[in-house]
Amino acid sequence: MTRKFNIEESLSAPELASHLSNPDGETGKQVGLLMNEGNKHICLNSYKVLAPKGDDRILEIGMGNGFFIPELLSLADNLTYVGVDYSSTMVGEALVLNAELLESKQVELLEASIEKLPFDDNSFDCIATTNTLYFWPDPGPNAQELLRVLRPEGRLLIGYREKAFMDKIEISNYGFTQYTTNDVEALLSNAGFRAVQTESIDEPELEFAGKLFEMTGFYTIGVKSI
Ligand SMILES: C[S@@+](CC[C@H](N)C(=O)[O-])C[C@H]1O[C@@H](n2cnc3c(N)ncnc32)[C@H](O)[C@@H]1O
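Note that the coordinates shown come from a computational prediction; the quantities given were computed from them, not determined experimentally.

Asks: What exactly am I supposed to notice about the pattern of salt bridges here?
Replies: Between side chains of opposite charge, a pair can form when the charged atoms approach closely. By the definition in use, this model includes eight salt bridges. Across the salt bridge formed by aspartate 125 and arginine 151, the nearest N and O atoms sit 2.5 Å from each other. With aspartate 125 in strand S5 (residues 124–130) and arginine 151 in strand S6 (residues 150–160), this residue pair connects regions lying 26 residues apart in the sequence. One salt bridge in this structure joins glutamate 203 and arginine 161, with 2.8 Å as the shortest N-O distance. Pair noted here: glutamate 203 is in strand S7 (residues 194–208) and arginine 161 is in the loop between S6 and helix H8 (163–166), with a separation of 42 residues, a long-range link. By relative accessible area, glutamate 203 is classed as buried at 10%.

Asks: I'm lost on the nonpolar core in this one. Help?
Replies: Note that soluble globular proteins tend to have their nonpolar side chains buried in a common cluster. Ranked by internal contacts, the top residues of the largest apolar core, which has 47 residues, are Leu59 and Ile171. In this structure, leucine 59 is in contact with Val82, Val84, Leu117, Phe119, Phe124, Cys126, Ile127, Ala128 and Val149, ignoring residues within four places of it in sequence. Core analysis: the next-biggest nonpolar cluster, separate from the first, contains 25 residues, Leu44, Met63, Leu73 and Ile221 among them.

Asks: Explain the site of the ligand to me, please; I cannot follow it from the model alone.
Replies: The local shell around the ligand holds 20 residues, among which Asn39, Gly62, Asp85, Thr130 and Asn131 are the closest. Backbone polar atom of glycine 62 to a nitrogen atom of the ligand: 2.9 Å apart, as the coordinates give it. Aspartate 85 is positioned with one of its side-chain polar atoms (N or O) 2.6 Å from an oxygen atom of the ligand. Calculation on the ligand without its partners gives an accessible area of 590 Å², and the protein chains cover 97% of this total. For the shell around the ligand, the per-class residue count stands at nine nonpolar, 10 polar and one charged.

Asks: Help me understand the packing of helix H1 (residues 13–21) against helix H2 (residues 25–38) in this model?
Replies: The geometry of H1 relative to H2 is characterised by a closest axis approach of 9 Å and an angle of 80 degrees between their N-to-C directions. In terms of orientation, H1 and H2 fall into the roughly perpendicular class. In this structure, H1 uses Leu16, His19 and Leu20 to contact H2, whose residues at the interface are Thr27, Gly28, Val31, Leu34 and Met35. Residue classes in the contact of H1 with H2 are distributed as five nonpolar, three polar and no charged.

Asks: Got a minute to help me understand the environment of lysine 40 in this structure?
Replies: By secondary structure assignment, the location of lysine 40 is in helix H3 (residues 40–50). Sequence spacing of lysine 40 and glutamate 203 is 163 residues, and the spatial spacing of their C-alpha atoms is 9.9 Å. Not counting chain neighbours up to four residues away, the residues in contact with lysine 40 comprise Met35 and Phe68.

Asks: Just checking my understanding: could you explain the packing of aromatic side chains for this structure?
Replies: Two descriptors summarise a pair of aromatic rings, namely the distance from one centre to the other and the angle between the planes of the rings. Evaluated as defined, the whole model comprises seven aromatic pairs. Ring centres of phenylalanine 119 and phenylalanine 124 lie 5.0 Å apart, and the angle between their planes is 85 degrees; this geometry places the pair in the edge-to-face category. With relative accessibility at 1%, the residue phenylalanine 124 sits in the buried group. Aromatic rings pair up to connect Tyr134, Phe135 and Phe176 into one cluster.

Asks: Please explain the packing of H2 against helix H5 (residues 88–97) as it appears in this structure.
Replies: What describes two packed helices is the angle between their axes and the distance between those same axes. Two elements in contact, H2 and H5, have axes separated by 9 Å at closest approach and are oriented at 60 degrees. Judged on the interaxial angle alone, H5 and H2 are oblique. Seen from above, H2 lies across H5 with right-handed handedness. For the pair formed by H2 and H5, the contact residues are Gly25, Gly28, Lys29, Gly32 and Met35 on the first element and Thr89, Met90 and Glu93 on the second. Per-class residue counts for the contact of H2 with H5 are two nonpolar, four polar and two charged.

Cut-offs and rules
Residues numbered from 1 in each chain as written. Predicted model: local features only at pLDDT ≥ 70, side-chain atom pairs only at ≥ 80, totals over all residues. Heavy atoms only, no water. Salt bridge = Lys/Arg side-chain N within 4 Å of Asp/Glu carboxyl O. Helix = DSSP H or I, 4+ residues; strand = E, 2+ residues; numbered from the N terminus. Buried < 20%, exposed > 50% of the residue type's maximum accessible area, 1.4 Å probe, protein only. Core = buried A, V, L, I, M, F, W, Y, C linked by side-chain atoms within 4.5 Å. Contact = heavy atoms within 4.5 Å. Near = heavy atom within 4 Å. Polar contact = N/O pair within 3.5 Å; in protein donor to acceptor, adjacent residues only side chain to side chain. Areas by Shrake-Rupley, 256 points an atom, 1.4 Å probe, with all protein chains shown as cover. Nonpolar A, V, L, I, M, F, W, Y, C, P; charged D, E, K, R; others polar. Axes fitted to C-alpha atoms, helices over the stretch in contact; angles between N-to-C directions. Parallel < 35°, antiparallel > 145°, perpendicular 65-115°, else oblique. Phe/Tyr/Trp six-rings, centres within 6.5 Å; stacked < 30°, edge-to-face > 60°. Left-handed = near helix turned anticlockwise from the far one by under 90°.

As structure tokens, then:
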């Protein structure tokens, strides 16, 4: 069956784009569920490419409703996870969906923006962020903020759709900044990451606004120097 990406075509492109960048209220919750369907492959592949090691402390920026957190935690032993999202609607949903993991203290979820993260320097072994880059308000300083909270030798993974695809879908005209792989690699190198490299993984087709698209996820990784 073809995967679809809209709420039965009930939202206009600007409305859907607004809720993808900052899901709000009841419609935001519905868009969160829609993202779990439409972004399943890119979210799970981000985690696989990140490949956390046992005992890692992981930060995720913009986890939405956090539906895939248990899958990430199943990838190695004794992982701990902190998720931040600036949408109070998404943090609320993620708290409900991950109640047991929160209880066990394996997971923490906070409302915060990438611009100013409420963590000490060198706090995390790795950071993942999927489908958020388009909305970063100030990409250079935002990448440096991620570098600050990573420990030396820690890895940042950014999962995204490339400009060539985004150019084809209407929603990307409303508040999305588009990036080529070269742009993302330059962003990380200029922020001070080393060993920057990108992997791409093809996915099943997805239907956007009545049209079928071939889908590929891009995963750019950078490492913090010692
Ligand atoms: C398109 S959704 C992606 C959700 C999920 N990662 C996925 O791929 O399905 C973008 C998420 O990033 C969050 N977000 C956008 N800008 C952010 C920022 N500056 N700081 C923190 N979260 C942000 C939004 O609230 C939203 O939950």
